[in-house]
Amino acid sequence: MSKIIFYEGKGKRKEIEVHPGQTLLEVAREYEIDIEGTCEGNLACATCHLIIDKDWFVKLPEATEDERDMLDLVSGLTVNSRLGCQITVTADLDGLIVFLPPAHYDRNNSQ
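Some details on the overall build of the protein
Part 1 of the reasoning: A tally of helices and strands in the protein yields four helices and five strands.
Part 2 of the reasoning: Put simply, the protein runs from its N terminus to its C terminus through helices and strands in the order β-β-α-β-α-α-β-β-α.
Part 3 of the reasoning: Relative to its 111 residues, the protein shows a buried fraction of 45%.
Part 4 of the reasoning: As displayed, the protein offers around 6,300 Å² of accessible surface, 48% of which is attributable to carbon and sulfur atoms.
Part 5 of the reasoning: Separation of charge centres in the protein, based on 11 positive and 20 negative side chains, amounts to 6 Å.

Right, here's the structure in full:
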């Protein structure tokens, strides 16, 4: 099992134990973390945009050119931005810290 820590908004933290092999998008959906993933993980949109903690970002496999192209479309792009559908949980990612982009939770809190 690997522990993934999601921050969904200011002070809203969700710690999850997951089996390796799932993508972050799949984990988020299974545990009701509010990210969209419109294309169902097919790398055809950027609605599963996540921000990876800076200490963890360097431990991830490098983004593909296709992922980088999709990330160019997101609002709130950071140097630590990745698409949740492109990151597969492994035992090496135990303790991974992930943030939903501020624009995402600000939008949901304004409704």
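A short note on the pairing of strand β5 (residues 96–99)
Part 1 of the reasoning: The two faces of β5 differ: Leu96 and Val98 on one face are buried, but Ile97 and Phe99 on the other face are not.
Part 2 of the reasoning: As defined by bridge partners, strand β1 (residues 2–9) adjoins β5 across four bridges and the pair is classed as parallel. Pairing of isoleucine 5 across the sheet is with isoleucine 97, part of β5.
Part 3 of the reasoning: Note: strand β3 (residues 49–52) against β5, two bridges, orientation antiparallel. Residue pairing in the sheet places isoleucine 51 in a bridge with phenylalanine 99 of β5.

Brief notes about the nonpolar core
Part 1 of the reasoning: Grouped together as the largest cluster of nonpolar side chains are 28 residues, with contacts concentrated most on Ile4, Phe6, Leu24, Ile52, Leu83, Leu96 and Val98.
Part 2 of the reasoning: Looking at this core, the elements with two or more residues in it are β1, β2 (12–18), α1 (24–30), β3, α3 (65–71) and β5.
Part 3 of the reasoning: Ranked by residue count, the leading element in this core is α1, at four residues.
Part 4 of the reasoning: Among residues more than four places away in sequence, those in contact with leucine 96 are Lys3, Ile4, Ile5, Leu24, Ile52 and Trp56.

With respect to the sheet that holds β1
Part 1 of the reasoning: Strand order across the open sheet formed by five strands is β2-β1-β5-β3-β4, with mixed pairing between neighbours. What marks the edges here is a single partner per strand, and that holds for β2 and β4 (81–83). For this sheet the average axis-to-axis angle between neighbouring strands, irrespective of direction, equals 35 degrees.
Part 2 of the reasoning: The sheet contact formed by β3 and β4 spans three bridges and is antiparallel. By the bridge assignment, histidine 49 is partnered in β4 with leucine 83.

Here's the deal with the packing of aromatic side chains
Aromatic rings in a pair are described by how distant their centres are and how their planes are angled relative to each other.
Part 1 of the reasoning: Evaluated as defined, the whole model comprises one aromatic pair.
Part 2 of the reasoning: Aromatic side chains tyrosine 7 and phenylalanine 99 sit 5.1 Å apart centroid to centroid with 20 degrees between the ring planes, which places their arrangement in the stacked category. On the criterion of sequence distance, the pair formed by tyrosine 7 in strand β1 and phenylalanine 99 in strand β5 is long-range, its members being 92 residues apart.
Part 3 of the reasoning: The residue whose ring lies beneath lysine 59 is tryptophan 56, and the NZ or CZ to ring-centre distance is 4.5 Å.

Definitions and cut-offs
The numbers attached to residues start from 1 for each chain and follow its sequence in the written order. With the structure being a predicted model, the display of local features is reserved for residues of pLDDT at least 70 and the display and counting of side-chain atom pairs for 80 or more, all residues being used for whole-chain, interface and lining totals. In computing side-chain values, all of the structure's heavy atoms are included and hydrogens and water are not. Counting from the N terminus, the helices are the DSSP runs of H or I reaching at least four residues and the strands are the DSSP runs of E reaching at least two. A simple rule labels every residue: compare its accessible area, found with a 1.4 Å probe on the protein chains alone, to the largest value its type can have, and call it buried under 20%, exposed over 50%, or partly exposed in between. Note on areas: these come from Shrake-Rupley sampling with a 1.4 Å probe, and a residue is covered only by the protein chains present in the view. None of His or the chain ends enter the tally, which takes Lys and Arg as positive and Asp and Glu as negative. For charged residues, the charge sits on one atom: NZ in Lys, CZ in Arg, CG in Asp, CD in Glu. Here, a strand pair is defined by DSSP locating no fewer than two bridges between the strands. Here, nonpolar core refers to any group of buried Ala, Val, Leu, Ile, Met, Phe, Trp, Tyr and Cys residues whose side-chain atoms link them within 4.5 Å. Contact definition: two residues touch when any of their heavy atoms are within 4.5 Å. Note on geometry: axes are lines fitted to C-alpha atoms, helical ones only across the stretch in contact, with angles between N-to-C directions running from 0 to 180 degrees. Here the aromatic set is Phe, Tyr and Trp, taking the six-membered ring for Trp, and pairing holds for ring centres within 6.5 Å; pairs whose planes are under 30 degrees apart are stacked, those over 60 apart are edge-to-face, and all others are tilted. Charge-over-ring placement is defined geometrically: NZ (Lys) or CZ (Arg) within 6 Å of the ring centre, and within 35 degrees of the ring normal.

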